[in-house]
Amino acid sequence: MIEVMSVANLITLSRGVAIVPIVFLLATGHRWAAWWLFGFACLTDSIDGYVARARDEVTRLGQALDPLVDKALYVSILSLLYVLGDVPALAFVLFLAPQVAIGLGALALKARRNAVQQARLLGKVAAALAFIALAFMLVRWPGGVEIFYAATAATYIAAADYGYSAIKLGRNR
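Conventions and cut-offs
- Residues numbered from 1 in each chain as written.
- Predicted model: local features only at pLDDT ≥ 70, side-chain atom pairs only at ≥ 80, totals over all residues.
- Heavy atoms only, no water.
- Helix = DSSP H or I, 4+ residues; strand = E, 2+ residues; numbered from the N terminus.
- Rg over C-alpha atoms; globule rule 2.2 N^0.38 Å.
- Contact = heavy atoms within 4.5 Å.
- Areas by Shrake-Rupley, 256 points an atom, 1.4 Å probe, with all protein chains shown as cover.
- Lys, Arg positive; Asp, Glu negative; His and termini not counted.
- Charge placed at Lys NZ, Arg CZ, Asp CG, Glu CD.
- Buried < 20%, exposed > 50% of the residue type's maximum accessible area, 1.4 Å probe, protein only.
- Axes fitted to C-alpha atoms, helices over the stretch in contact; angles between N-to-C directions.
- Parallel < 35°, antiparallel > 145°, perpendicular 65-115°, else oblique.
- Left-handed = near helix turned anticlockwise from the far one by under 90°.
- Phe/Tyr/Trp six-rings, centres within 6.5 Å; stacked < 30°, edge-to-face > 60°.
- Salt bridge = Lys/Arg side-chain N within 4 Å of Asp/Glu carboxyl O.
- Core = buried A, V, L, I, M, F, W, Y, C linked by side-chain atoms within 4.5 Å.

Q: What exactly am I supposed to notice about the overall build of the chain here?
A: Helix and strand content of the chain: seven helices and zero strands. Ordered by position from the N terminus, the helices and strands of the chain form the series α-α-α-α-α-α-α. In terms of overall dimensions, the chain is globule-like: its C-alpha atoms have a radius of gyration of 16 Å, near the 16 Å expected for 173 residues. Seen along its three principal axes, the alpha-carbon backbone of the chain occupies a region of about 45 × 30 × 20 Å. Across the chain, contacts joining residues at least 24 apart in sequence account for 77% of those joining residues at least 6 apart. Counting every atom, the chain has about 9,600 Å² of accessible surface; 70% of that belongs to carbon and sulfur. Of note, the chain has its 15 positive side-chain charges centred 8 Å away from the centre of its 10 negative side-chain charges.

Q: What exactly am I supposed to notice about the environment of Gly143 here?
A: With respect to the element layout, Gly143 can be found in the loop between α6 (121-138) and α7 (144-171). For Gly143, a relative accessible area of 29% translates into the label partly exposed. In this structure the C-alpha to C-alpha distance between Gly143 and Ala133, which are ten residues apart in sequence, comes to 8.1 Å.

Q: How should I be thinking about the packing of helix α3 (residues 31-54) against α6 in this particular structure?
A: Angle between the axes and distance between the axes are the two parameters that describe a pair of packed helices. At a minimum axis distance of 9 Å, the contact between α3 and α6 shows a crossing angle of 165°. Taken as axis vectors, α3 and α6 run roughly antiparallel relative to one another. For the pair α3 and α6, the sense of crossing is left-handed. Residues Arg31, Ala34, Trp35, Phe38, Cys42 and Asp45 of α3 form the contact with α6, whose own contacting residues are Phe131, Leu134, Ala135, Met137 and Leu138.

Q: Quick question: what am I supposed to make of the packing of aromatic side chains here?
A: For any two aromatic rings, the description comes down to two numbers: the centre-to-centre distance and the angle of the planes. On inspection of all chains with the given rule, the structure shows ten aromatic pairs. Taking 5.8 Å as the distance between ring centres and 65° as the angle between the ring planes, the aromatic pair formed by Trp32 and Trp141 counts as edge-to-face. Here Trp141 lies in the loop between α6 and α7 and Trp32 lies in helix α3, a separation of 109 residues in the sequence. Among the residues examined, Trp32 registers a relative accessible area of 44% and is labelled partly exposed.

Q: Mind showing me how you'd approach the pattern of salt bridges here?
A: Oppositely charged side chains are able to pair whenever their charged atoms sit close together. Across all of its chains, the model carries eight salt bridges by this definition. Across the pair Arg15 and Asp45 runs a salt bridge, and its minimum N-O distance is 3.4 Å. Note that Arg15 is positioned in helix α1 (residues 7-17) and Asp45 in helix α3, a separation of 30 residues in sequence. You can call Arg15 buried: its relative accessible area is 0%. For Arg140, the salt bridge goes to Asp86, with nearest N and O atoms at 3.1 Å. With Arg140 in the loop between α6 and α7 and Asp86 in the loop between α4 (60-83) and α5 (89-113), this pair connects stretches of sequence that are 54 residues apart. Three or more residues are tied together by salt bridges with common partners; here these are Arg15, Asp45, Asp48, Asp66 and Asp70.

Q: How should the nonpolar core be read in this particular structure?
A: Note on soluble globular proteins: their nonpolar side chains tend to be buried together. Within the largest apolar cluster, 28 residues are counted, with the highest numbers of intra-cluster contacts made by Ile22, Phe38, Leu73, Ile77, Val87, Leu134 and Phe148. Elements with a minimum of two residues in this core: α2 (19-27), α3, α4, α5, α6 and α7. Broken down by element, the residue count for this core peaks at seven residues, all from α6. Ignoring any residue separated from it by four or fewer positions in sequence, one finds Ile22 in contact with Ala34, Leu37, Phe38, Ala41, Leu73 and Ile77. Formed by six residues, the second largest nonpolar core is a distinct cluster that contains Ala126, Ala158, Ala159 and Tyr162.

Remember that the coordinates give geometry; whether it matters functionally is a separate question.
The following block contains the structure:
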């Protein structure tokens, strides 16, 4: 069955399309322009799910696409911030480890059980902290790295929550 692209999925894709110009602007030293475009991307993240529910257009594609685009957005920016020397190596590695684990877990769940896990509150909190930290680090506001460490800790907690939920979901299918 082919799903027609919903308005919410188009909103999510607009966030994905924004990745390249954000990274380009940051790489060329236009931090405030990157910050504003990143703000737009964060706004789309806060409304795509609402639009999907309000229009009764929640799709499996959207459920998989939203977290994938989120990860692509913040891993792309974080990677460049690391290269630019704005993120310590330890913070970079510690943040990426649970992201990879969550992503691989989602792929395994889809492949083995044809299931897509719903977004979870702890994951949303961790993502929000990561977005706030990136916003601070994009323009070098004080406290960005400290917020980023908090986001990293929240990501480990969220990864454990997703793992527990995936085990339960796998058993119920």
